[in-house]
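As a plain string of letters, each chain reads:
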Amino acid sequence: MHKKLGILGGMGPLATADLFRKIILLTKAKCDQEHIHILIDNNTSIPDRTAHLIAGGEDPRKYLIESAKRLESMGADFLIMPCNTAHYFYEDIIKEIKIPFLNMIEETAKFISEKYDQKKIGLLATEGTCKTGVYDNIFNKYDLEIIKPIKNQKYVTDFIYGIKAGHNDINLEGFHKAVEELQENNTEIFILGCTELSVGYEMFKMKGNYIDPLEVISIRAINFAGKKSIK
């Protein structure tokens, strides 16, 4: 019996759809029946995570917990969540549910420690993710140091919210400046630490040594569900 996956989504909807698509494309399957049974709660009512963490906006915690419980009650055997910043609330969520919840950031740390020798890892993410140390706390356990852009963080934020707004004509010059800043700090691997960046990576056919946590968690979820991935 294969496990049923629940996706705690809506942050944003495009990233949620991208995760769903990735899971389908990465599953080794020859017909509908060989794919994973997936439940999606595309809860777009969840307040902005970064706005809460750095500007005192509405706390998204109760909404995240409600979504997790809803998926559990619908029959999900385990959960994943396509939002890096929302993993700040991971511990609060798992206290309220009885099913496993794969941590996308931890799975990314495991993936990098298994595949690469580098210890300095560049992070491209929201201000909320950067300032709260969501990645730092987990990556430190794997002896990995997270390096963030300081001078050019604004451009990463603009890119992220441009994707959320549905823009497809975003100027990437500033984003590339942020990457160059990380390179100047001796990093060669760059995490797309916001799910909108994962979307933008494909949309703009970006080149570089980027690690996509959405792809990592897709593969981990496929395997956890008892299926095989093509990677």
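Residues numbered from 1 in each chain as written. Predicted model: local features only at pLDDT ≥ 70, side-chain atom pairs only at ≥ 80, totals over all residues. Heavy atoms only, no water.

Novice: Help me get a handle on the packing of helix α1 (residues 13–26) against helix α11 (residues 213–224), residues and values and all.
Specialist: Each pair of packed helices can be described by the angle between their axes along with the distance between the axes. Two elements in contact, α1 and α11, have axes whose closest approach is 9 Å; the angle formed by their N-to-C orientations is 50°. In terms of their interaxial angle, α1 and α11 are classed as oblique. Both α1 and α11 take part in a crossing whose hand is right-handed. Between α1 and α11, the residues in contact are Ala-15, Asp-18, Leu-19, Lys-22, Ile-23 and Leu-26 and Leu-214, Glu-215, Ile-217, Ser-218, Ile-219 and Ile-222, respectively. Tallied by class, the residues present in the contact of α1 with α11 amount to eight nonpolar, one polar and three charged. (Axes fitted to C-alpha atoms, helices over the stretch in contact; angles between N-to-C directions. Helix = DSSP H or I, 4+ residues; strand = E, 2+ residues; numbered from the N terminus. Parallel < 35°, antiparallel > 145°, perpendicular 65-115°, else oblique. Left-handed = near helix turned anticlockwise from the far one by under 90°. Contact = heavy atoms within 4.5 Å. Nonpolar A, V, L, I, M, F, W, Y, C, P; charged D, E, K, R; others polar.)

Novice: Any chance you could break down the nonpolar core for me, citing the residues and the numbers?
Specialist: Note on soluble globular proteins: their nonpolar side chains tend to be buried together. Leu-8, Met-11, Leu-64, Leu-79, Met-81 and Ile-93 are the most contacted members of the largest nonpolar core, which totals 21 residues. When residues of this core are traced back to their parent elements, those giving at least two are α3 (61–73) and α4 (90–94). Beyond its immediate sequence surroundings of up to four residues, Leu-79 is in contact with Leu-5, Gly-6, Ala-68, Leu-71, Ile-97, Ile-99, Pro-100, Phe-101 and Leu-102. If you look at the next biggest cluster of nonpolar residues, it comprises 19 residues, including Ile-163, Phe-175, Leu-192 and Met-206. (Core = buried A, V, L, I, M, F, W, Y, C linked by side-chain atoms within 4.5 Å. Buried < 20%, exposed > 50% of the residue type's maximum accessible area, 1.4 Å probe, protein only.)

Novice: An account of the pattern of salt bridges is needed here, citing residue identities and associated values.
Specialist: Following the criterion strictly, the structure yields 19 salt bridges and no others. The partner of Arg-220 in a salt bridge is Glu-107, with the nearest N and O atoms 3.0 Å apart. Residue Arg-220 is found in helix α11, and its partner Glu-107 is found in helix α5 (residues 104–115); the two are separated by 113 residues along the sequence. Taken together, the salt bridges that share partners define one network made up of Asp-18, Arg-21, Lys-22, Glu-202 and Asp-212. (Salt bridge = Lys/Arg side-chain N within 4 Å of Asp/Glu carboxyl O.)

Novice: Provide a residue-level description of the sheet that holds strand β6 (residues 190–192), including the pertinent values.
Specialist: Judged by pairing direction, the sheet is parallel, and its four strands sit side by side in the order β5-β4-β6-β7 without closing on themselves. The open sheet has two free edges, formed respectively by β5 (145–147) and β7 (210–211), since each of these has just one partner strand. Bridge count for strand β4 (residues 120–124) against β6 is three bridges, and the pairing is parallel. Across the sheet, Leu-123 pairs through a bridge with Ile-191, a residue of β6. (Pairing = 2+ DSSP bridges.)

Everything listed here is a matter of geometry and, on its own, says nothing about what the molecule does.
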